[in-house]
Amino acid sequence: MGRVTERRKVLRIRGGAVSSRPDTLVAEEPLEIRLNGKPLAITMRTPGDDFALAAGFLVSEGVLATAADLRNIVYCAGATGEGGANTYNVVDVKTAPGVVIPDITLERNVYTTSSCGLCGKASLDAVRTTARHPIADTPPLRVEPELLASLPDRLRASQRVFDRTGGLHAAALFDERGELLDVREDVGRHNAVDKLVGRALQRGDLPLSRTVLLVSGRASFELAQKAVMAGIPMLAAVSAPSSLAVDLAAETGLTLVGFLRGSSMNVYAGEERIAVRAAAAGA
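First things first, this report covers the structure right here in the doc.

Focus: the packing of aromatic side chains
Moving on, step 1. Counting across every chain of the model gives two aromatic pairs.
Moving on, step 2. The interplanar angle of 40 degrees and the centroid separation of 4.8 Å between the aromatic rings of Phe-51 and Tyr-75 together place this pair among those described as tilted. Taken together, the residues span a long stretch of sequence, with Phe-51 in helix H1 (residues 50-60) and Tyr-75 in strand E5 (residues 70-75) at a distance of 24 residues.
Moving on, step 3. For Phe-51, a relative accessible area of 26% translates into the label partly exposed.
Moving on, step 4. A centroid spacing of 5.0 Å and a plane angle of 90 degrees characterise the contact between Tyr-75 and Tyr-88, whose relative ring orientation is edge-to-face. Separated by 13 residues along the polypeptide, Tyr-75 in strand E5 and Tyr-88 in the loop between E5 and strand E6 (90-95) bring together distant segments of the chain.
Moving on, step 5. Look at Tyr-88 and you get partly exposed, because its relative accessible area is 30%.
Moving on, step 6. An aromatic cluster is built from Phe-51, Tyr-75 and Tyr-88, whose rings are joined through pairwise contacts.

Quick look at the environment of Leu-206
Moving on, step 1. Position of Leu-206 among the secondary structure elements: in the loop between helix H6 (189-203) and strand E11 (211-215).
Moving on, step 2. In this structure, the C-alpha to C-alpha distance between Leu-206 and Ile-232, residues 26 residues apart in sequence, is 9.1 Å.
Moving on, step 3. Those residues in contact with Leu-206 that sit more than four places away from it in its chain are Val-59, Ala-65, His-133, Val-197, Ala-200, Leu-201 and Ala-230.

Brief notes about the environment of Asn-191
Moving on, step 1. By the secondary structure assignment, Asn-191 is in helix H6.
Moving on, step 2. Take Asn-191: its relative accessible area is 1%, and that puts it in the buried class.
Moving on, step 3. C-alpha of Asn-191 to C-alpha of Thr-46: the two residues are 145 residues apart in sequence and 8.5 Å apart in space.
Moving on, step 4. With near-sequence residues (within four places) excluded, Asn-191 lies in contact with Thr-43, Met-44, Arg-45, Leu-53 and Asp-186.

A short note on the pattern of salt bridges
Moving on, step 1. Following the criterion strictly, the structure yields 16 salt bridges and no others.
Moving on, step 2. Where Asp-49 meets Arg-184, a salt bridge forms, and the shortest distance between an N and an O atom there is 2.7 Å. With Asp-49 in the loop between strand E4 (38-45) and H1 and Arg-184 in strand E10 (residues 180-186), the pair connects residues that are 135 residues apart, well separated along the chain.
Moving on, step 3. Among the residues examined, Asp-49 registers a relative accessible area of 29% and is labelled partly exposed.
Moving on, step 4. Across the salt bridge formed by Asp-194 and Lys-226, the nearest N and O atoms sit 2.9 Å from each other. One end of the pair, Asp-194, is in helix H6; the other, Lys-226, is in helix H7 (residues 221-229), with 32 residues separating them in the sequence.
Moving on, step 5. Its relative accessible area of 2% is what places Lys-226 among the buried residues.
Moving on, step 6. Look at the salt bridges and you will find they share partners, linking Asp-49, Asp-182, Arg-184, Arg-199, Arg-203 and Asp-205 into a network.

What counts, and where the lines are drawn
Residues numbered from 1 in each chain as written. Predicted model: local features only at pLDDT ≥ 70, side-chain atom pairs only at ≥ 80, totals over all residues. Heavy atoms only, no water. Phe/Tyr/Trp six-rings, centres within 6.5 Å; stacked < 30°, edge-to-face > 60°. Helix = DSSP H or I, 4+ residues; strand = E, 2+ residues; numbered from the N terminus. Buried < 20%, exposed > 50% of the residue type's maximum accessible area, 1.4 Å probe, protein only. Contact = heavy atoms within 4.5 Å. Salt bridge = Lys/Arg side-chain N within 4 Å of Asp/Glu carboxyl O.

Encoded structure:
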């Protein structure tokens, strides 16, 4: 298996003093995801939780919705490096009999990067996959702003690899009481979310209808889509959302919070889930 971190020699300059020392970097390697033996996508990721990443990716693609949809996931024995060693960089996801693969998934072979997620999709309609866990059908969730404000510090305290490298995004799931349910790190923010969702699918926990998803960077359209597809009713980000993320949130009923820093935040959609006092809401 690939390592989460690697060591590299660097020239360090601090206040005019020059030294040479090893530095810890986050590892980045390609992962090819195959669906029932056919190549589907390649993503640049931090090795680890590869099966969960693949499962979560296929949740966002509308292929998997429950643990029963998944037959198994295996590393491909034929993906070998020098000397015949398995690189552990190719996984094959086998769906259960009867699972219908969406046409858009069958028609495209995508390359994803650690920074932007899925690229090259033909149109906005192509990524508006029909959700199998509609957020509007879930029981109402109400979260106080003070609780939301406490979540980034809890996420930061759980970022063990970030402490060593400073080079990872993180995504965390919290319940409505603010308890940390799971946290994953990856060089790509979308991979971190896929790992969370994939682990939840493997445990049989989808839909995640009583949870809050917190991401360490911005809230892109793709991250909003991943939340919707997993049945997550609230997405919060420490940075800005994109306009398409806000549009998707408004259309699907997702609560979208951006610029979650200290006691400040912006609520872009789904404000009914934020338990603010009436006077404060109208100020």
